[in-house]
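Structural overview
If you want the building blocks of each chain, they are given just below.
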Amino acid sequence: MGQFISSSWALLLGIMLLMVGNGLQGTLLGVRGEIEGFSTYEMSFVMSAYFVGFLGGSKLTPEMIRRVGHVRVFAALASFISAVLILYPTLANPWVWVVARVIIGFSFSGVYVTAESWLNNSATNENRGQALSLYMIVQMVGIVAAQGLLVLGDPSGFVLFVIPSILVSISFAPILLSVSPTPAFGATKPMRLRALFETSPLGVVGMFLLGGGFAAQFGMSAVFGTQAGLTVKEISIFVASFYVGAMVMQFPLGWLSDRMDRRELIAIVASVAWLGSVLGMTSISDINLLCAAAFITGGTINPLYSLLIAHTNDVVDAEDMAATAGGLVFVTGVGAVAGPMIIGWMMTNFGAQSFFLFLAILMAALCFYALYRMTRRRAVAVQDTGAFASVTPAASPVVWETAQEYAQTVADASEEEA
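The structure reproduced in this document is the subject of the present report. (Residues numbered from 1 in each chain as written. Predicted model: local features only at pLDDT ≥ 70, side-chain atom pairs only at ≥ 80, totals over all residues. Heavy atoms only, no water.)

1. Overview of the nonpolar core
Across soluble globular proteins, nonpolar side chains have a tendency to be buried as a group. To keep things clear, this is the line we draw: Residues grouped as a nonpolar core are buried Ala, Val, Leu, Ile, Met, Phe, Trp, Tyr and Cys residues, joined through side-chain atoms within 4.5 Å. Each residue is placed in one exposure class: buried if its accessible area under a 1.4 Å probe, protein chains only, is under 20% of its type's maximum, exposed if it is over 50%, and partly exposed if it falls in between. A run of DSSP states H or I qualifies as a helix once it reaches four residues; a run of E qualifies as a strand once it reaches two. Both are numbered from the N-terminal end. It only takes one pair of heavy atoms within 4.5 Å for two residues to be counted as in contact.
Core analysis: the largest hydrophobic core is formed by 111 residues, its most contacted members being Tyr 88, Phe 238, Leu 304 and Phe 355. The greatest single-element share of this core, amounting to 13 residues, is contributed by helix α8 (residues 201–227). Setting aside its immediate chain neighbours within four residues, Phe 355 contacts Ala 216, Met 220, Ser 221, Phe 224, Phe 238, Phe 242, Ile 343 and Met 347.

2. A look at the side chain of Thr 61
Condition: Any pair of N or O atoms that falls within 3.5 Å is considered a polar contact. Within protein, one atom must be able to donate a hydrogen and the other to accept it, and sequence-neighbouring residues count only if both atoms are side-chain atoms.
Topologically, Thr 61 is positioned in helix α2 (residues 40–68). You can call Thr 61 buried: its relative accessible area is 0%. Engagement of the side chain of Thr 61 in a polar contact is seen with the backbone oxygen of Gly 57, the distance being 2.6 Å. Here Thr 61 is in contact with Val 73, Gly 110, Val 113 and Thr 114, once residues within four sequence places are set aside.

3. Details of α2
This is how it is decided: Every helix has an expected span of 1.5 Å times one less than the residues it contains. The reported bend at a residue is simply the angle between two axes, fitted to the 7 residues ending at it and to the 7 residues beginning with it.
Taking 1.5 Å per residue, 29 residues should reach 42 Å; α2 reaches 40 Å between its end C-alpha atoms and fits that length. At Leu 60, α2 shows its maximal kink, close to 40°; a proline, Pro 62, follows between one and four residues later. Just past α2, the residue Gly 69 takes up positive phi, approximately 100°.

4. Structural notes on helix α3 (residues 70–90)
Taking 1.5 Å as the rise per residue, α3 with 21 residues should run 30 Å; its terminal C-alpha atoms sit 31 Å apart, in good agreement. Every buried residue belonging to α3 is among His 70, Val 73, Phe 74, Leu 77, Ala 78, Ile 81, Ser 82, Val 84, Leu 85, Tyr 88 and Pro 89, and all of these are buried.

5. Overview of the packing of aromatic side chains
Put simply, the test is: Stacked, tilted and edge-to-face are the three classes applied to pairs of Phe, Tyr and Trp rings, where Trp contributes its six-membered ring and a pair requires centres within 6.5 Å; stacked means planes under 30 degrees apart, edge-to-face means over 60, and tilted covers the rest.
Applying the stated criterion across every chain, the model contains 24 aromatic pairs. Ring geometry for Phe 224 against Phe 355: centres 5.1 Å apart, planes inclined by 25°, an arrangement best described as stacked. Within this pair, whereas Phe 224 is found in helix α8, its partner Phe 355 is found in helix α13 (residues 354–374), the two being separated by 131 residues in sequence. Note on accessibility: Phe 224 and Phe 355 belong to one class, buried.

6. Details of empty space enclosed by the protein
Definition in use: Cavities and pockets were defined on a 1 Å grid built from protein atoms only: a cavity is a group of points that admits a 1.4 Å probe but offers it no way out, a pocket is an open group of points flanked by protein on both sides within 12 Å along at least five of seven lines, and a lining residue is one with an atom within 4 Å of any such point. Grid points are joined across faces, edges and corners, and a volume is the space filled by probe spheres set on the points. Throughout this entry, Asp, Glu, Lys and Arg are counted as charged residues, while Ala, Val, Leu, Ile, Met, Phe, Trp, Tyr, Cys and Pro are counted as nonpolar. The remaining residues, Gly among them, count as polar.
On inspection of all chains with the given rule, the structure shows 5 cavities of 30 Å³ or more. The computed volume of the second largest cavity comes to approximately 130 Å³. If you go around the second largest cavity, you meet 14 residues; those closest to its centre are Asp 261, Arg 263, His 311, Val 315 and Val 380. At the level of elements, α8, α10 (262–281) and α11 (287–315) are the ones that each hand at least two residues to the lining of the second largest cavity. Here the lining of the second largest cavity gets 3 residues from one element, more than from any other, and that element is α11. In the lining of the second largest cavity, the residues fall into 5 nonpolar, 2 polar and 7 charged.

7. Looking at the packing of α11 against α13
Selection criterion: Lines are fitted to the C-alpha atoms to define the axes, a helix being fitted only along its stretch in contact, and any angle between axes, read from their N-to-C directions, falls within 0 to 180 degrees. Less than a right angle of anticlockwise turn of the near helix away from the far helix marks a crossing as left-handed, whereas a clockwise turn marks it as right-handed.
Interaxial distance between α11 and α13 falls to 12 Å at its minimum, and their mutual angle equals 35°. Judged by the twist between their axes, the crossing of α11 over α13 is left-handed. Every residue of α13 that contacts α11 at Leu 290, Ala 293, Thr 297, Ile 301 and Leu 304 is listed here: Phe 356, Leu 359, Met 363 and Leu 366. Here the contact of α11 with α13 is built from residues that sort into 8 nonpolar, 1 polar and no charged.

Listed below in structure tokens is the structure:
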């Protein structure tokens, strides 16, 4: 592990700076939209647009990399990110922001694909699981740190938009000057959705639901905060609570997932997420309870991604794993695009508490569907399940495939020992 850190610290630092920039701009837009007089429904389109771009970037970046190489793709897309961050306060119009968010979502997706390809190339079969865990921690630390920066300036001014632009620009240096060699890159065609659903119904349905749940946290939590009347400081703490919970709960839930029926654990975790959502829905006037609700829902919804990936790996053939990853990324992206728009409509018509109501509906649906699937297929024996690997919803398809490579490596090692 020490060798991995020594060879990849520049990449990890660059990625953390990217996450700080991305985390800050997402929350900042939610606050600035209220200042500019944008409606909640308009802001839902702004937030959804990021995931439209992100999904497009995950599809098109591999071809861009094959045509011009990693370095040029990274530099070009990161430059777009830095420029768009400055344009937000200059062109304060919701539909301009929609276009800007598509561009910035596309660019962040491409940057993540490029940087994570380098990171994966630096890992070995022996430390791949630890590398994934470290990468997840770096991502979460970056997003949490971003919320602390929100209180350093006036959201109605320019400074808070300049800060993420600078951070993204600085992130170029450690990544592009890294001594890590440029990796070979290949893209696998995703599995057809019908075949994917027949192979892992819970994986497909669960990823669609969780796409909406993650989009709610990443895109609409700050919009909820403004509609609920929270101060900027309270909004920053509230949003950070989601990701602190995710960082704290990822590893104990991963430990449990290797020791019990994963469908049962998915149902339990989803039910806890439902309870956290109900707490938030009924505590809208209490910032302490809201942060507790955010901690619980973030600490359960985010690890559910890794649990669903591990469950899907348990039921697919090894040669289909890469294609499965591509299909699940698409399903998650569709859910993420729809999520903010549904929440925006609900919050406009039924009030701010609809933010948590939406999460509660998603988690109840996932819990009951996981219980239903337990009656339709026999559980995979615990000793035959693959290894759990930490993956965040913000990661690109490269990390999803890396997690599957890790699971297959552990499975092969176990077979050799047997």
